[in-house]
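Examining the three-dimensional arrangement
Take a look at the letters that make up each chain.
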Amino acid sequence: MNNMRVLKFSTLSLLALGFLSQSCGLFGGGSSDNGELIGVPDRQGWEMTRPYGMIAVPAGTFHMGQADEDVAATQINLNKQVTIGAFFMDETEITNNEYRQFTQAITEGSEVDLPAGYSIADLLPDTMVWTEDFTHHMGDPMVVYYWSHPAFDDYPVVGVDWNAAKYFCEWRTQHLNEYRQSVGLPIMPAFRLPSEAEWEYAARGGRDMAKYPWGNPYIRNQRGCLLANFKPGRGNYFDDGFAYTSQVATYFSNDYGLFDMSGNVAEWCEDAYNPSAMPLVWDLNPTYYDERIDYKIVRGGSWKDIAYYLETGTRTYEHRDSARSSIGFRCAMTYLGRSSGYEF
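Predicted model only: the values in this text are computed from it and were never measured.

Describing the sheet that holds strand E6 (residues 266-272)
Read from one edge of the open sheet, four strands run E8-E7-E6-E9, paired in mixed fashion. Only two strands of the sheet have a single partner each, and these edge strands are strand E8 (316-319) and strand E9 (327-328). Sheet topology note: the E6/strand E7 (residues 295-299) ladder contains three bridges and is antiparallel. Residue Trp268 lies in a different strand from E7, and its bridge partner there is Val298.

Spelled out as structure tokens, the structure:
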């Protein structure tokens, strides 16, 4: 009998101690981790997937800066070794039809706030750039048809300023992540404009110090065909097959699989323009931010530019609220986590 009482008392004591340990811990609440540091349980796993239409660019180190003679004697892009983290970049420039999906969405109503001082009309491509950018130029057909006609759906969007390109990235981020959340997937990193360093690194396609995305040193292949859409010679615009822009991905891609990194349309980058930026920025994922500067970096050269502006190391700029017939953009997205290498 005494043994039975002792057994019952011991059992009750253990149950009471267990209850107290769960409900009256040092900070209150219960725990099933046996006192060990194991992290928060039941966290959803993560796998970085490649967004549709984008190319994975691996991390690496390269020599950023002028890849050939500084013809204009600008001295604004001296060579510097920098490291770039892995990221995704659009395979081509954003097309008219892709941008039309965005304009229709914001016309129907978007929850993303418009940039300060901007209306929906300000985000539509400015078709008048085809006449206003040039003196005594019959650009009326381009004004009428380039944005609106389906013949130009797969051509790069132009007439979009830096602010509108930034807002497109915000909308695209919301559009993707609303869907992912609706099916129970974790959100993806934000779409954004590429930094100047990312753009140059991607343009070289893994060829350090390459003058052009396809390598060195020529702008024609062995058959004499031009390798990009630009202004060869003195006004011989059609020598490359197009008087104005061309359909995206008309010419060969670089070694990363990116099309039109030189020519067709120049592209907005994230950075503010500072001629002295190179020695100021860090050598790991450099990006020059300065809200006081309204000029933003433009890279790659366009259908109306000479070959010098097609070089991977040539820096140019434009005012953030200026739209041009020769400037478009593409998006980038940061790669989260360390790459195994198989994504690339």
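Re the layout of surface pockets
One number sums up the size of the largest pocket: a volume of about 520 Å³. Forming the boundary of the largest pocket are 20 residues, of which Tyr52, Gly53, Asp90, Glu98 and Arg172 lie nearest the centre. Mapped by element, the contributors of at least two residues to the lining of the largest pocket are helix H2 (96-108) and helix H6 (162-182). Here the lining of the largest pocket gets six residues from one element, more than from any other, and that element is H6. Looking at side-chain class alone, the lining of the largest pocket contains eight nonpolar, five polar and seven charged residues.

Some points on empty space enclosed by the protein
As enumerated under the stated definition, the model contains three cavities of 30 Å³ or more in all. The volume enclosed by the largest cavity comes to roughly 90 Å³. Looking at the lining of the largest cavity residue by residue, the classes come out as nine nonpolar, three polar and one charged. Its boundaries defined by the atoms lining it, the second largest cavity holds a volume of some 70 Å³. Along its surface, the second largest cavity is lined by Met64, Glu196, Ala197, Asp271, Ala277, Met278, Val281, Pro286, Tyr288 and Arg315. Across the lining of the second largest cavity, the residue classes break down as seven nonpolar, no polar and three charged.

Some thoughts on the confidence of the model for the chain
Predicted confidence across the chain gives a mean pLDDT of 89, with 88% of residues reaching 70 or more. Below a pLDDT of 50 lies the segment residues 6-24, which in the model reaches four contacts outside its immediate sequence neighbourhood of four places, other chains included.

Regarding helix H7 (residues 196-204)
Among the nine residues that make up H7, nine are buried, leaving the element largely enclosed by the rest of the structure. Taken together, the buried positions of H7 are occupied by Glu196, Ala197, Glu198, Trp199, Glu200, Tyr201, Ala202, Ala203 and Arg204. Just past H7, the residue Gly205 takes up positive phi, approximately 65 degrees.

Quick notes on the packing of aromatic side chains
For the structure on display, the rule yields 26 aromatic pairs. Here the aromatic rings of Phe88 and Tyr335 are separated by 5.7 Å at their centres, their planes lie at 50 degrees, and the arrangement is tilted. Of this pair, Phe88 sits in strand E4 (residues 87-90) while Tyr335 sits in the segment after strand E10 (332-334), placing them 247 residues apart in sequence. Neither residue differs from the other here; Phe88 and Tyr335 are each classed as buried.

Focus: the sheet that holds E4
Across the sheet, which stays open at both edges, the four strands sit in the order E1-E4-E10-E5 with antiparallel pairing between neighbours. The sheet is open, and its two edges are formed by strand E1 (54-57) and strand E5 (191-192), each paired on a single side. Bridge count for E1 against E4 is four bridges, and the pairing is antiparallel. Residue pairing in the sheet places Val57 in a bridge with Phe87 of E4. Each of E1, E4, E5 and E10 is contacted by H7, which is oriented at about 75 degrees to E4, the strand it contacts most.

Rules used throughout
Residues numbered from 1 in each chain as written. Predicted model: local features only at pLDDT ≥ 70, side-chain atom pairs only at ≥ 80, totals over all residues. Heavy atoms only, no water. Pairing = 2+ DSSP bridges. Helix = DSSP H or I, 4+ residues; strand = E, 2+ residues; numbered from the N terminus. 1 Å grid on protein atoms, 1.4 Å probe; cavity = no way out; pocket = protein on both sides within 12 Å on 5 of 7 lines; lining within 4 Å. Points joined across faces, edges and corners; volume = space filled by probe spheres on them. Nonpolar A, V, L, I, M, F, W, Y, C, P; charged D, E, K, R; others polar. pLDDT = per-residue confidence, 0-100. Contact = heavy atoms within 4.5 Å. Buried < 20%, exposed > 50% of the residue type's maximum accessible area, 1.4 Å probe, protein only. Phe/Tyr/Trp six-rings, centres within 6.5 Å; stacked < 30°, edge-to-face > 60°. Axes fitted to C-alpha atoms, helices over the stretch in contact; angles between N-to-C directions.

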